[in-house]
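# Topology and contacts: notes
Here are the chains, one letter per residue:
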2 protein chains.
Amino acid sequence: MRLINLKIFQKVKKANLNVSSIKSLDDIKKLSIDLIIVCTPVLQYENILKKINKLNDQSFIVTDVGSTKKNIEDIYYKNNFKFRFIPSHPIAGIEKSGLENGFLGLFENRYSIVCPLKNSSKKDISLVSKFWRSLSMKTEVMTAKEHDHVLSLTSHLPHIISYSLVLTAIKKEKSLNSKLVKFSAGGFRDFTRVAGSDPEMWRDIFLANSKEIKKLTNMFIGELKKFSKDLNSQNSKKLLNKLQKTKNIRNRIVKAKQAGKFIPND
Amino acid sequence: MRLINLKIFQKVKKANLNVSSIKSLDDIKKLSIDLIIVCTPVLQYENILKKINKLNDQSFIVTDVGSTKKNIEDIYYKNNFKFRFIPSHPIAGIEKSGLENGFLGLFENRYSIVCPLKNSSKKDISLVSKFWRSLSMKTEVMTAKEHDHVLSLTSHLPHIISYSLVLTAIKKEKSLNSKLVKFSAGGFRDFTRVAGSDPEMWRDIFLANSKEIKKLTNMFIGELKKFSKDLNSQNSKKLLNKLQKTKNIRNRIVKAKQAGKFIPND
């Protein structure tokens, strides 16, 4: 593995891993590189990919770990890039970013989505998929558009909701004082975990997939308003019916071993 | 401990605990009881409390574990009950209900809120508080009104949001197929956990505290719409500022040891 970010490199060195660092992308030419993995907030990609393209080198494959895919594909086509690029998105991790928050088993049994481009060769798709599987991940191939559609529901909407709930709480905080923190174990604390994700990374995701996210947010607001209306009419039967419906999906997530585990106490 | 629900009693017997069961509340008279803890969905209280009041007995204190308090206080006053009642709410537990989901340390370091009535004696308040503290909980005394105000934000709103998100996802599910479950690790799965809570218990909470919940839901929808507007105008700076604001609360919850621990893998 070779890295170009010096700050990260120092962390890696501390961790005693076998890595080396380069100061400029041009130095790549001197090395024998198989795979470049872009790991930055998604709105920084264009600059980085431009530099990679300038290398004019077909000897390596480029992939990434970003949470949006359509905007990255668009950058590639718009700039008429030529390097071998297989975007991907390993869906693994916690709310904390950075090398020091990695842990054994981070990728185990999680899915990595691979989103080939029009000109991607079968061999390259297979190589990148194999790479993720070598980290004990499962892989699934889909288009960038489909990726962004699915992830807007399974990840981006939950994040915009969590951030908005915490922002609502901040407005109420003065009148509640320390009570917000003390009594957070009734549900609120789970949202603060998701809303504790890296701000820069998530700003970029929100902006890059804003259309899908806005559409879903409206749909969600509609659902919430209907719920509130049922409260208003004290519609007990309808309410119970709603709440019973949601259990099934949880059970399926647990069965698919994608649920994780929550330990209520510290 | 003595229980009157036969189904629960059978479970307790299986667990080899030292308990006995009674078939009717009238049998309480034959026993020497110090404390009755009502543990049912909150809309079932009125019937139960009526039966307790009929015993016309001042030798025991009654408390409970319900997530709403104002409606319970109202029931007591409206019916002109006379028994010694100190409502309380131990904020502990997971999304799974029932005796079989208890675990060692369930109450440790969590808060129990005690909501005395107008006629509560200092001695009774202190006895019930002491009971919760004997289970390693911390206690805090507040009015029923204040309890419902705080809990609507720290628990009831997060639950109505979680249920509504899962209901939104159910509507999109046909087009997504198994992808909703496979790629749920990006945030969605955390909401399904909260939305996996007991339907009957939560229907009652929503109905009993509907005014506070509706008010907060509207405030939250306003916050979400503002967020969506910032996406629309691609207001990068404002967005980053929003996302940075929310980290502070998470840090305080972690510091107060109320965060729990999430293990991403099964």
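Please read these numbers as outputs of a predicted model, since none were measured by experiment.

Thresholds, definitions, all that
Residue numbers here run from 1 along each chain, matching the order of that chain's written sequence. Working convention: letters from A go to chains and numbers from 1 go to ligands, in the order in which they are written. Selection of residues for local features in this predicted model requires a pLDDT of at least 70, selection of side-chain atom pairs for listing and counting requires 80 or more, and totals for whole chains, interfaces and linings are taken over all residues. Superposition of the copies was done by least squares, using only C-alpha atoms of residues whose pLDDT is at least 70 in both. The contact criterion used is a C-beta to C-beta distance within 7 Å, with each C-beta placed from the backbone. DSSP calls a pair of strands paired once it identifies at least 2 bridges connecting them. For the purposes of this entry, the term helix denotes a DSSP run of H or I that reaches at least four residues, the term strand denotes a run of E that reaches at least two, and both are numbered from the N terminus. As a rule, the C-alpha atoms of each element are fitted with a line to give its axis, helices using only the stretch in contact, and angles between N-to-C directions run from 0 to 180 degrees. The exposure scheme places C-beta atoms from the backbone and then counts, for each residue, the other C-beta atoms within 10 Å of its own, assigning buried at 20 or more, exposed at 12 or fewer, and partly exposed in between. This arc is built from the directions going out from the helix axis to the C-beta atoms. Gly is placed with the polar residues, together with every amino acid not listed as nonpolar (Ala, Val, Leu, Ile, Met, Phe, Trp, Tyr, Cys and Pro) or charged (Asp, Glu, Lys and Arg). For our purposes the nonpolar core covers buried Ala, Val, Leu, Ile, Met, Phe, Trp, Tyr and Cys residues that link as a set through C-beta atoms within 7 Å. Source of the domain bounds: an automatic or database domain assignment. Crossover handedness is defined by viewing with both strands directed away from the observer: a clockwise path from the first strand over the helix to the second marks the crossover as right-handed.

Rotating chain A by 180° and moving it 0.0 Å along the rotation axis overlays it on chain B with an RMSD of 0.0 Å. Expressed as an axis order, the relation between the two copies is that of a two-fold axis. The position closest to the rotation axis in chain A is occupied by the C-alpha of A:Phe262, lying 2.2 Å away. In this assembly, 100% of the residues forming the interface of chain A have copies in chain B that are likewise at the interface, indicating an isologous arrangement.

As a general point, the strands of a sheet are linked pairwise by backbone hydrogen bonds and lie either parallel or antiparallel. Residues and elements named next belong to chain B. Pairing in this open sheet of 3 strands is mixed, and the strands run β6-β7-β8 from one edge to the other. Each end of this open sheet is capped by a strand with a single partner; those strands are β6 (88-90) and β8 (138-141). The mean inter-strand angle of the sheet, taken between neighbouring strand axes irrespective of direction, is 20°. Looking at chain direction, strand β7 (residues 111-114) and β8 are connected through 4 bridges and run parallel. Within β8, the residue paired with tyrosine 111 across the bridge is lysine 138.

Where helix α11 (residues 247-255) of chain A is concerned, the buried positions are A:Ile249, A:Arg250 and A:Ile253. Down the axis of α11(A), the buried side of the element spans an arc of 100°, and every buried residue falls inside it. Elements that come into contact with the buried residues of α11(A) comprise α5 (144-176), α6 (179-182) and α7 (188-194) of chain B. Immediately beyond the C-terminal end of α11(A), within one or two residues, lies A:Lys257, with a positive phi of roughly 55°.

A few words now on the interface of chain A and chain B. Facing the 90 residues of chain A at the interface are 90 residues of chain B. If you list the elements that add at least two residues to the side of chain A that touches chain B, you get α5 (144-176), α6 (179-182), α7 (188-194), α8 (199-208), α9 (210-232), α10 (236-245), α11 and β9 (261-263) of chain A. The greatest single-element share of the side of chain A that touches chain B, amounting to 20 residues, is contributed by α5(A). Along the lines of polarity and charge, the residues of the side of chain A that touches chain B split into 47 nonpolar, 23 polar and 20 charged. Direction of pairing for β9(A) relative to strand β9 (residues 261-263) of chain B: antiparallel, over a ladder of 3 bridges. When the sheet's bridge partners are listed, A:Lys261 is paired in β9(B) with B:Ile263.

Take unusual backbone geometry next. Notably, A:Gln234 is not glycine yet its phi reads approximately 50°, a positive angle. Residues other than glycine seldom take positive phi values, yet B:Asn80 does so here, at roughly 55°. Turning to its location among the elements, B:Asn80 is positioned in the loop between α3 (70-78) and β5 (84-85).

Attention shifts here to helix α2 (residues 45-54) of chain B. All names here are of chain B. All buried positions along α2 are accounted for by Tyr45, Leu49 and Ile52. Considered in projection along α2, the buried side chains sweep an arc of 55° and stay on one side of the axis. Exposed residues on α2 whose side chains face more than 90 degrees from its buried face are Asn47, Lys50 and Lys54. Directly after α2, the chain includes asparagine 56, whose backbone phi takes a positive value near 50°.

In terms of nonpolar packing, the biggest core is built from 114 residues, with A:Leu157, A:Leu165, A:Val166, B:Leu157, B:Leu165 and B:Val166 touching the most fellow members. If we skip the residues at most four places from it in the chain, A:Val166 touches A:Phe191, A:Thr192, A:Ala195, B:Thr246 and B:Ile249.

Think of interface size as the accessible area that goes away when the parts come together; that is how it is often given. Residue and element names in this part refer to chain A. Along its sequence, chain A is organised into domain 1 (2-146) and domain 2 (147-224). On a C-alpha basis, the centres of domain 1 and domain 2 stand 27 Å from each other. With 18 residues of domain 1 in contact, the opposing surface of domain 2 contributes 18 residues. Looking at the side of domain 1 that touches domain 2, the elements with two or more residues in it are α3 (70-78) and α5. With 3 residues, the top contributor of residues to the side of domain 1 that touches domain 2 is α5.

With that settled, the discussion passes to the environment of A:Val150. Looking at where A:Val150 falls in the secondary structure, it is placed in helix α5. You can call A:Val150 buried: it has 25 C-beta atoms within 10 Å. Residues A:Val150 and A:Glu212 lie 62 residues apart in sequence; the distance between their C-alpha atoms is 9.5 Å. Residues contacting A:Val150, with those up to four places away along its chain left out, are B:Leu176, B:Lys179 and B:Phe183.

So, about the environment of B:Ile160. Tracing the backbone through its elements, the reader meets B:Ile160 in helix α5. Judged by the 24 C-beta atoms lying within 10 Å of it, B:Ile160 is buried. Linking B:Ile160 and B:Val194, residues 34 residues apart in sequence, is a C-alpha distance of 9.5 Å. Look past the residues within four positions of B:Ile160 in its chain and what remains in contact with it is A:Phe227, B:Phe206, B:Ile213 and B:Thr217.

All names here are of chain B. By the alternation rule, side chains of strand β4 (residues 61-64) split into Ile61 and Thr63 and Val62 and Asp64, which are all buried. Pairing analysis gives 4 bridges linking strand β3 (residues 35-38) to β4, with the strands arranged parallel. Opposite isoleucine 36, over in β4, you have valine 62 as the bridge partner. Taken together, β3, α2 and β4 constitute a β-α-β crossover, and its handedness is right-handed. The pairing of β4 with β5 spans 2 bridges and is classified as parallel. Of the residues in β5, the one forming a bridge with isoleucine 61 is arginine 84.

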